[in-house]
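Report on the structure
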Amino acid sequence: MKSGSAVDIDSVSRSFGSVKAVDGLSLALAPGEIVGFLGTNGAGKTTTIKMTLGLLAPTSGTVKVLGGDPSDPRVRSHIGYMPEVATYYPYLDARELLSFYGGICGLDAKTVRRRTDELLDAVGLADAAKRPLKTYSKGMLQRAGIAQALLNDPDLLVLDEPFTGLDPLARIHFRELLLDLKRRGKTVFFSSHELGETELLCDRVAIMKKGHCVYQGPVRDLAGDGAANLERLFLKTLEEAK
């Protein structure tokens with residue numbers, strides 16, 4: 001699917017009763033861009049992600065993904081998503097897990113087999129592919145979730161705290177995987193508390209505080225020398241934001 005912006009969030013607010021979880025957010029993501037979505041717990045990140053996925057409707061404003069409505073199944077077929085905490089059937093193995101999700105995505109059996117082989121190798125689970133998921137560590141389950149999110153070769157990949165549970169080597173491999181997606185013109189949008197990983201990966205960051213976006217800017221503007229890095233920017237922005 002083609003669009004000028006991979007994601008276009010325009011003046012979006014979302015309320016839950018008297019609580020305004022997101023307030024007047026505007027954010028656009030270009031094709032081939034990696035954008036980090038930062039903020040403390042309760043800042044509105046997960047609510048925004050759910051609206052981007054079409055799982056929640058905005059109270060006001062509009063969300064367009066890949067040029068269409070994110071709740072449209074035709075649009076969703078081009079989105080990959082990994083939640084912060086994913087629950088899988090514990091008696092499935094990794095191959096069975098991807099076969100199950102491939103069926104949900106409407107992929108044919110040949111494509112599922114090919115993508116399963118590619119992805120289990122890419123996330124370092126090829127040797128554990130036939131082990132039940134109940135025997136996996138937290139980091140292994142996270143890697144299985146990454147493979148599941150990439151199964152349909154999405155144009156937009158949305159990740160909620162993707163680095164949780166990953167050991168240093170797995171983080172390096174995952175970082176290279178995301179950078180390869182960027183080189184292929186895919187868009188990656190992820191929330192994270194891992195500021196170091198975000199600074200290494202992202203073209204831009206957006207920082208949320210109490211439902212408001214209080215900063216948007218390119219990571220390349222940060223020196224990364226201890227005087228002006230993402231961690232300092234994050235703390236300074238939250239301190240100064242009203």
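Residues numbered from 1 in each chain as written. Predicted model: local features only at pLDDT ≥ 70, side-chain atom pairs only at ≥ 80, totals over all residues. Heavy atoms only, no water.

**Let's talk about the environment of His 78**
Examined against the element boundaries, His 78 turns out to sit in the loop between α2 (73–76) and β5 (79–82). Take His 78: its relative accessible area is 24%, and that puts it in the partly exposed class. Taking C-alpha positions, His 78 is 22 Å from Tyr 88, a pair spaced 10 residues apart along the chain. (Helix = DSSP H or I, 4+ residues; strand = E, 2+ residues; numbered from the N terminus. Buried < 20%, exposed > 50% of the residue type's maximum accessible area, 1.4 Å probe, protein only.)

**A look at the sheet that holds strand β1 (residues 7–16)**
Spatial strand order, β2-β1-β4: 3 strands in an open sheet with antiparallel pairing. Whereas interior strands pair on both sides, the edge strands pair on one side only; in this sheet they are β2 (19–29) and β4 (60–65). Each strand of the sheet is rotated relative to its neighbour by a mean of 25 degrees, with strand direction disregarded. Along the sheet, helix α1 (residues 45–52) makes contact with β1, β2 and β4, crossing β1 at roughly 120 degrees. (Pairing = 2+ DSSP bridges. Axes fitted to C-alpha atoms, helices over the stretch in contact; angles between N-to-C directions. Contact = heavy atoms within 4.5 Å.)

**With respect to the pairing of strand β3 (residues 34–39)**
Of all 6 residues making up β3, 6 are buried, and the element is well covered by its neighbours. On β3, burial covers both faces: Ile 34, Gly 36 and Leu 38 on one face and Val 35, Phe 37 and Gly 39 on the other are all buried. As paired elements, β3 and strand β7 (residues 187–191) share 4 bridges and run parallel to each other. Bridging across to β7, Ile 34 finds its partner in Val 188. Both β3 and strand β8 (residues 204–209) contribute to a ladder of 5 bridges, which runs parallel. Across the sheet, residue Leu 38 finds its bridge partner in β8, namely Ile 207.

**Here's the deal with a nonpolar patch on the surface**
On the surface, a cluster of nonpolar side chains totalling about 340 Å² of accessible area is made up of Tyr 89, Phe 100 and Ile 104. Along the polypeptide, Ile 104 turns up in helix α3 (residues 94–105). Residue class for Ile 104 comes out exposed when judged on its relative accessible area of 57%. (Patch = residues over 30% accessible without salt bridge, like charges linked within 9 Å, V, L, I, M, F, W, Y side chains within 5 Å. Areas by Shrake-Rupley, 256 points an atom, 1.4 Å probe, with all protein chains shown as cover. Salt bridge = Lys/Arg side-chain N within 4 Å of Asp/Glu carboxyl O.)

**Considering the pattern of salt bridges**
The final tally for this structure, using the stated rule, is 15 salt bridges. Of the charged contacts in the structure, one is a salt bridge between Asp 23 and Lys 20, with a shortest N-O distance of 3.8 Å. Judged by its relative accessible area of 25%, Asp 23 is partly exposed. The salt bridge involving Asp 155 is made with Lys 186; its shortest N-O contact spans 3.4 Å. Of this pair, Asp 155 sits in the loop between α5 (138–150) and β6 (156–160) while Lys 186 sits in the loop between α6 (168–183) and β7, and the two are 31 residues apart along the sequence. Residue classification places Lys 186 among the buried positions, given a relative accessible area of 9%.

**Some remarks on the domain arrangement of the chain**
With domains assigned, the chain is organised as domain 1 (1–78 + 156–242) and domain 2 (87–153). Its C-alpha centre places domain 1 at a distance of 25 Å from the equivalent point of domain 2. Domain 1 puts 16 residues into the contact, and the matching count from domain 2 is 11 residues. Of the roughly 1,000 Å² buried where domain 1 meets domain 2, counting both sides, 62% is carbon and sulfur surface. A salt bridge links Arg 184 to Asp 153, with the shortest nitrogen-to-oxygen separation between them at 2.8 Å. (Domains from an automatic or database assignment. Buried area = accessible area lost by both parts, 1.4 Å probe.)

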